[in-house]
Amino acid sequence: MTPTPWRARAITLDLDDTLWPVGPTLVAAEQVLADWLRDRAPRTAAGYGAETRAVIRKRLLAEHPQHAHDMSFLRREGLRLAMADAGDDPLLADEAFAVFLAARQRVEFFEDVLPVLARWSARYRLVAVSNGNADVQAVGLGSYFCAAVSAHKVGCAKPDPRMFHEACRLAGAAPEEVLHIGDDPHLDVLGARRAGLQAAWIRRPQFVHRHPAEALGPEVGPAFEDLRAIDAMLGG
């Protein structure tokens, strides 16, 4: 399928696994949190493994389905429950979450990101659109973006069209004038198109195993391995 050149006044971008690999970031943040818990909430630390976190998350989703889209709520309240169950002071949960969140912002960008964003920010209004709790200001990309849309603020998550429409509003452009770029063919590409935006699928080489292109069908369209390939299509 030959890609059709986009006509965009604004660009919206997913963050995790689009601008940086999120896996190493989360592993490092979990370790920072674990070290903090061992010092401040040792009984929680002793049992706060992946299995415990999964059980607590399931409990929170059952009790608070209205917050299923809010990663910060699930993490913070999960810590609160874990502390209470372990016999530590649950009031420490806010501080523990702040420690985790700060570490979660220490990302390592893919090497194409900074030069391409610098070019795009001079030509387009850029808006971040994320289901997670990364912060473009905290990670060091604030100078390139005019705004950011987060699931926990909008009250829903991609592929809900409200996420994309809020990004268009902040960009000051109609949906058909906006190009959305993301790594998830369902949440980003199809979600954006169904909301009336143009969309491009960025499929970084290290993530090709997640979504085999041949299994997705022509609706998703072509995959681009980095931002430079998309920039070339935009005439960069």
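Preceding this paragraph is the structure being described.
Residues numbered from 1 in each chain as written. Predicted model: local features only at pLDDT ≥ 70, side-chain atom pairs only at ≥ 80, totals over all residues. Heavy atoms only, no water.

S.K.: So what exactly am I meant to see when it comes to the overall build of the chain here?
M.R.: Tallying secondary structure elements over the chain gives 11 helices and 6 strands in all. A globule of 236 residues ought to have a C-alpha radius of gyration of about 18 Å, and the chain, at 19 Å, matches this closely. Its C-alpha atoms give the chain principal-axis dimensions of about 60 × 35 × 35 Å. Counting only residues that meet the buried cut, the chain has 47% of its 236 residues in that class. Summarising the internal contacts of the chain: among those between residues at least 6 apart in sequence, 64% fall at separations of at least 24. Element-wise, carbon and sulfur atoms account for 54% of the exposed surface of the chain, whose accessible area totals about 11100 Å². Charged side chains of the chain number 27 positive and 31 negative; the gap between the two group centres comes to 2 Å. (Helix = DSSP H or I, 4+ residues; strand = E, 2+ residues; numbered from the N terminus. Rg over C-alpha atoms; globule rule 2.2 N^0.38 Å. Buried < 20%, exposed > 50% of the residue type's maximum accessible area, 1.4 Å probe, protein only. Contact = heavy atoms within 4.5 Å. Areas by Shrake-Rupley, 256 points an atom, 1.4 Å probe, with all protein chains shown as cover. Lys, Arg positive; Asp, Glu negative; His and termini not counted. Charge placed at Lys NZ, Arg CZ, Asp CG, Glu CD.)

S.K.: Looking at this structure, I do not really get the state of the cysteines. What am I missing?
M.R.: Put plainly, two cysteines are in a disulfide when a covalent bond ties their sulfur atoms together. Applying the stated criterion to the full structure yields 0 disulfides. This cysteine, Cys-146, is not joined by any disulfide, and Cys-168 carries the nearest cysteine sulfur, 11 Å off. Owing to a relative accessible area of 37%, Cys-146 belongs among the partly exposed residues under this scheme. (Disulfide = S-S within 2.5 Å.)

S.K.: Sorry if this is basic, but what is going on with the packing of helix H4 (residues 71-86) against helix H5 (residues 93-104) here?
M.R.: If you want to describe how two helices pack, look at the angle between their axes and the distance between the axes. Following both chains from N to C, one finds H4 and H5 inclined at 135°, their axes separated by 9 Å at the closest point. As summarised for this structure, H4 and H5 are arranged oblique, according to the angle between their axes. In this structure, H4 meets H5 at a crossing whose hand is right-handed. Residues Ser-72, Arg-75, Arg-76, Leu-79, Arg-80 and Met-83 of H4 pack against Ala-93, Asp-94, Ala-96, Phe-97 and Phe-100 of H5. Along the lines of polarity and charge, the residues of the contact of H4 with H5 split into 6 nonpolar, 1 polar and 4 charged. (Axes fitted to C-alpha atoms, helices over the stretch in contact; angles between N-to-C directions. Parallel < 35°, antiparallel > 145°, perpendicular 65-115°, else oblique. Left-handed = near helix turned anticlockwise from the far one by under 90°. Nonpolar A, V, L, I, M, F, W, Y, C, P; charged D, E, K, R; others polar.)

S.K.: I would appreciate a short explanation of empty space enclosed by the protein in the present structure.
M.R.: The rolling of a water-molecule-sized probe over the atoms marks out the regions of remaining empty space. Tallied over the entire structure, the rule returns 1 cavity of 30 Å³ or more. If you add up the space inside the largest cavity, you get close to 50 Å³. Looking at the largest cavity, the residues that line it are Asp-17, Asp-183, Trp-201, Ile-202, Arg-203, Arg-204, Phe-207, Arg-210 and His-211. Split by residue class, the lining of the largest cavity holds 3 nonpolar, 1 polar and 5 charged. (1 Å grid on protein atoms, 1.4 Å probe; cavity = no way out; pocket = protein on both sides within 12 Å on 5 of 7 lines; lining within 4 Å. Points joined across faces, edges and corners; volume = space filled by probe spheres on them.)

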